[in-house]
Amino acid sequence: MKGSLIRILILCAAVALLSCAILSGCSKRGDSITSISQLNEKGRIIAVSSDAPEEVRVRKDFPNATINGYTDVYPVYAEVAQGKTDACIHARVEMEQALKNGVTGVRILDETYCDNTVAVGISRVTPIPDLKNKINAFLQGLRNDGTLDDMYERWVVEGDETMPDIPAADNPGGTIRVATTGTAMPYTYFVGTELVGYDIELARRFAAWLGMELEFKVYDWNGLLSAAQEGDADCIMSNLYYTEEHAESIDFSDALFKVEVAAMVKDDGKSTQARGAYASIDELNGKRIGVQTGTTAAEVIKERLPNAQISYFSTFPDMEAALKAEKIDGFPGDGLVVRMMAAEDSSLFVMDEKLRSYDCGVVLPKNEKGDRLGKELNEWIAKAKESGELDAMVDKWVEEPEEKRTIPDYRSFPATNGVLKVTTEGTFPPMNYYRGEELAGMEVDLCARFCEAYGYGLDISSMNFDGMLAAVQTGKYDFALSGIAITKERQQSVNFSDPYYTGGYQMAVLKAKDTASASSIGSAASDFFGRVAASFEKTFLREDRWKLLLWGSATTLFITVLSVLLGTILGFAVYLACRGGNPVMNTLTRFSIWLVQGMPVVVLLMILYYIVLGKVSISGTWVSVIGFTFIFGAAVFMMLKTGVGAIGAGQMQAAAALGYTERVAFFRVVLPQTVPHILPTYLGQVTALIKATSIVGYIAVQDLTKMGDVIRSRTYEAFFPLISVAVIYFVLAGILNALVGRFGRLLDVRRRRNGMLLKGVKLHD
């Protein structure tokens, strides 16, 4: 009896433990999911399309979860709503369409899981000759005239189901067979018995452009590739993702657009999911919007938000700081970039809706060398797209950790065909940014690979975005790239390569105050010093960023000291030349001073860099020295003219009576008395000059201010970088003022000995 009781107790305990284990596993699906990282927990069930590019990645990223493949996504939505499946990984825009069409009980996480490239699939056995090149030429034409952007806006962003009237070819020369599914809103779907959608419009336009009749062939998703492989269809237009596996059996066109992949989870009402301060982009009409100078963002905002008050900024960190200070209400940027900013700064929120997509190309000059480089770049880009190398580069710089983001050692290239001078922004991660003292990023990687393939050396440097087109146009650089959108207006002054990246503007705003991370508010109160220490570490210690400030300080000091010395010599020499009253010299000097002092410093530097010295191989640093030498020289001339005028004429008469010549009298009597009068003004001009050098980033100089911007572009913090730059400027100005003041005191006649005062005087005549 006793033994039986023990066995019963052991059995009960086993059942209890088993029940707990089961409930523990099941309870995960009852938990509120607020981030994608939570999906990698034991007991989670994730659904992903069995033919999507992200399937392999999902299995790799979530090894602790159970991964189920699907071919029809709509039943999966119901499973997520019922709690049978924890998450569905799918295209965000399609899931948003599902919500609009009545799917309930689910929500979409703000986080982006990955991006996929959509293109036209092309049969390798199609009877239509050169079909791939024809499709690419057709797509390029739609990009250039804005039709492709308009189609994406209407079908994908706005959800408009109106199919435009596209006349068929008058005398069709054959039939093009397009395979599609009719089940992928908003790309291809049925309204009644009629096929509509983005891909359907694209197919109709292409058939008309090609001069052929159009025949749609509707297949299940699994039959699309087989149809193209076997020659039953000439091409596939059905929101088809490019994958390496697909590319083994069919060809692909250039990219149509990028698809943002996200996670759909159960809406249990417990989520504290962040919301933006504005629910839709239209709510920002009439608000203050920041845009980066030189980009197409202003045009996009004026078109979408005509009543918005636009403010211009030089960099994304500037716009972020203005947003957090509530000087602006939002700013647009490439979706990839602003999402990275939001990942670093918990106060930012990126709105899902895309304002406009665009193609980025390499900027080239309109000359023989530019044409040759453009042809080579297009060849390389085409091969990189076809091989998947370009997509792999984007994935590496977006998804991989920093240690795996490698770049070919372009400094060791043999440069058999010469060295290319390239410029980029350096504050636009992950496209281009400083890693320590070296430029890195996807675009830098692209440049290095291109140069290696075509036997070029690479000399790459950074400059402000709004000066890039002028720098290429005037021949200062062989080409430029920094997420520069291809537009018709820009193509009037420069050439572009074929697109190497397709981006899209998204709006960054502050989070709604009631969801602005309660945890961060608590930590702000309880761990203030910890956050300060972390910010300090990111600004100065990580990647040895203090070296950037040191490097920038050295550049600023070099420009300032050399400009002060040369400007003093120039101003003094011109004053001496004008003392004799030469009317021609005085007129020329007055005109030059009027020109230099009446022109904004940044305009003067850009005129020297791009126009006067545009064809001369001279760095921006030396152009800065030349420009500030003129500025300081003009100031010294005016100081001398005013200071000498304050010395009474009797001083020269007394000097003549003592036997001095006019020239000696000026240097021995007048000038020593002038120096104490002008020294305070001279010191003020030195301080003004060192502060004025902060704009040299416009002509590709990596000065102190530019390095502060570089650090802010990596940390997305303003406090330490800006305060550090300000303190260093104070220190540099103090050191220079102390040195100049000491030298000025040595020239003070009141401190000179009698022997020095009487030197040169004839005492016994």
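Just above, that's the structure.
All figures in this text were calculated on a predicted structure; none of them were measured in a lab.

Caption draft 1: Up close: the side chain of Asn239. Along the polypeptide, Asn239 turns up in the loop between strand 12 (235–236) and helix 9 (244–247). Non-local contacts of Asn239, meaning those with residues more than four positions away in its chain, are made with Glu94, Val118, Tyr187, Asp199, Trp221, Phe257 and Val259.

Caption draft 2: Representation of the pairing of strand 22 (residues 432–435) within the structure. Bridge analysis of strand 21 (residues 427–428) against strand 22 gives two bridges, and the strand direction is antiparallel. Bridge pairing in strand 22 places Thr427 opposite Tyr433. Where strand 22 meets strand 23 (residues 438–440), three bridges bridge the pair, whose relative direction is antiparallel. The residue bridging Tyr434 from the neighbouring strand is Leu439, located in strand 23. Here strand 22 folds back onto strand 23, and the loop between the two strands holds two residues, one of which, Gly436, carries a positive phi near 70 degrees.

Caption draft 3: Spatial organisation of unusual backbone geometry. A cis geometry characterises the amide bond from Pro429 onward to Pro430, with omega recorded as 5 degrees. Assignment of secondary structure puts Pro430 in the loop between strand 21 and strand 22. The backbone of Asn239 sits at a positive phi, close to 50 degrees, despite the residue not being glycine. Given a relative accessible area of 5%, Asn239 falls into the buried group. For Ala415, which is not a glycine, the phi torsion comes out positive at approximately 55 degrees. Tracing the backbone through its elements, the reader meets Ala415 in the loop between helix 14 (389–399) and strand 20 (419–424). For Ala415, a relative accessible area of 24% translates into the label partly exposed.

Caption draft 4: Spotlight on the packing of helix 23 (residues 620–645) against helix 25 (residues 662–692). Helix 25 packs onto helix 23 with a crossing angle of 140 degrees between their chain directions and a minimal axis gap of 8 Å. Considering only the axes of helix 23 and helix 25, their crossing is right-handed. Across the interface between the two elements, Phe628, Phe632, Ala635, Val636, Met639, Leu640, Gly643 and Val644 of helix 23 pack against Phe666, Val670, Leu671, Thr674, Ile678, Thr681, Tyr682, Gln685, Val686, Leu689 and Ala692 of helix 25. By residue class, the composition of the contact of helix 23 with helix 25 is 15 nonpolar, four polar and no charged.

Caption draft 5: Quick look at helix 2 (residues 54–61). When we look at burial in helix 2, the residues that qualify are Glu54, Glu55 and Val58. The buried residues of helix 2 all sit within an arc of 105 degrees when viewed along its axis, so they share a single face. Exposed and facing more than 90 degrees away from the buried side of helix 2 are Val56 and Lys60. Buried residues belonging to helix 2 abut strand 1 (45–49), strand 2 (66–70), strand 3 (87–91), strand 5 (114–118) and strand 14 (257–266).

Thresholds applied
- Residues numbered from 1 in each chain as written.
- Predicted model: local features only at pLDDT ≥ 70, side-chain atom pairs only at ≥ 80, totals over all residues.
- Heavy atoms only, no water.
- Helix = DSSP H or I, 4+ residues; strand = E, 2+ residues; numbered from the N terminus.
- Contact = heavy atoms within 4.5 Å.
- Pairing = 2+ DSSP bridges.
- Buried < 20%, exposed > 50% of the residue type's maximum accessible area, 1.4 Å probe, protein only.
- Axes fitted to C-alpha atoms, helices over the stretch in contact; angles between N-to-C directions.
- Left-handed = near helix turned anticlockwise from the far one by under 90°.
- Nonpolar A, V, L, I, M, F, W, Y, C, P; charged D, E, K, R; others polar.
- Arc of directions from axis to C-beta.

These values are about where atoms sit, not about what they do.
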